[in-house]
Amino acid sequence: MADIPDTLLESLRAARHVMVLTGTGVSAESGLATFRTPQTGLWERFRPEDLATPSAFQRDPALVWGWYEWRRMQVMRAAPNPAHEALSALQKLMPRMTLVTQNVDDLHERAGSDPVIHLHGTLLQPYCGRCRESYALPREIPEEPDGGRLLEPPSCHRCAGSIRPGVVWFGEALPQRDWDLAVRAAAACDAFLCVGTSSVVQPAASLIEMAIKAGAVAVQINPNPTGLEGRLFCELQGPAGVVLPELLERLRRLY
Ligand code: OAD
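Attention here is on the structure that accompanies the text.

Basis of the calculations
- Residues numbered from 1 in each chain as written.
- Predicted model: local features only at pLDDT ≥ 70, side-chain atom pairs only at ≥ 80, totals over all residues.
- Heavy atoms only, no water.
- Axes fitted to C-alpha atoms, helices over the stretch in contact; angles between N-to-C directions.
- Helix = DSSP H or I, 4+ residues; strand = E, 2+ residues; numbered from the N terminus.
- Parallel < 35°, antiparallel > 145°, perpendicular 65-115°, else oblique.
- Contact = heavy atoms within 4.5 Å.
- Buried < 20%, exposed > 50% of the residue type's maximum accessible area, 1.4 Å probe, protein only.
- Arc of directions from axis to C-beta.
- Pairing = 2+ DSSP bridges.

Contact pair helix H9 (residues 176-188) / helix H10 (residues 206-213): the axes reach a minimum separation of 8 Å and the direction vectors enclose 30°. Taken together, the axes of H9 and H10 are roughly parallel relative to one another. Together, Trp179, Ala182, Val183 and Ala186 of H9 and Ser206, Leu207, Met210 and Ala211 of H10 make up the contact between the two elements.

A word on H10. Burial in H10 covers these residues: Leu207, Ile208 and Ala211. Here the buried residues of H10 occupy an arc of 100° about the axis, which is enough to place them on one side. In this structure, the buried side of H10 is in contact with strand E1 (18-22), H9 and strand E6 (191-195). Just downstream of H10 lies Gly215, where phi reads positive at about 100°.

The strand order E3-E2-E1-E6-E7-E8 describes an open sheet built from six strands, whose pairing is parallel. Of all the strands in the sheet, the pair left with one neighbour each is strand E3 (117-118) and strand E8 (234-237). When E1 meets E6, the two strands line up parallel, connected through five bridges. Paired with Met19 across the two strands is Phe192, which belongs to E6.

Spelled out as structure tokens, the structure:
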């Protein structure tokens, strides 16, 4: 059982606008890897400069495309967990909730959250690197995703350019419209929940600072410390799939 202070429940009950920022930790209990968890994190096992930059894709498109297809298959085989479900229910309970994710999976959507702001794009919607036309991928899920497979990216039907993953790479700008919506929500929200993110990647992490500066009550839900401690109203230490359903249950009793 997470230790949820009554003062937090009162603040959330009184909030007119709650903002939630999620990271890969929210999908960990669905079996998807985080980036920085020691030993299992993706950036512990792979080098971002080989896989997650425009020049990496230029240098070795088959390596990069194969890696993202492997991750897309994992997402397609995964299912939303109680953390995604609780956030979807929370969005319906609250007068207003802005859900912003750094995740490139679609587990929030599959749990019924709508709208979801994706700051780092999505694995499920690749597009042409030359003309930006979107590209429809086959929906079949293979028996066993193969992590080491080189795979040539498909070609654009319109201009024959290389199709690239629909994610934001290091050195690239965030999608402007999504970023603007997130900044506006951070400046206006009364409460900010930081769920399953190490809060080290900019500019996404700056949203927390913006919200705190604007007077929001900031809360972290994470089994591990992140460095945000001391700046927060409180920390709910534990897995999101345990803490969020409990928070939802306690809040429901107040409505
Ligand atoms: P990280 O791997 O940096 O952080 C994941 C966080 O989730 C850590 O703080 C874990 O302690 C926490 N965590 C693990 N299991 C959890 C659970 N069951 N419940 C709650 N929290 C849990 O991943 P992100 O913060 O998502 O960017 O990484 C941010 C960005 O860095 C990603 O969007 C990606 C990456 O490079 C791009 O690709 C542009």
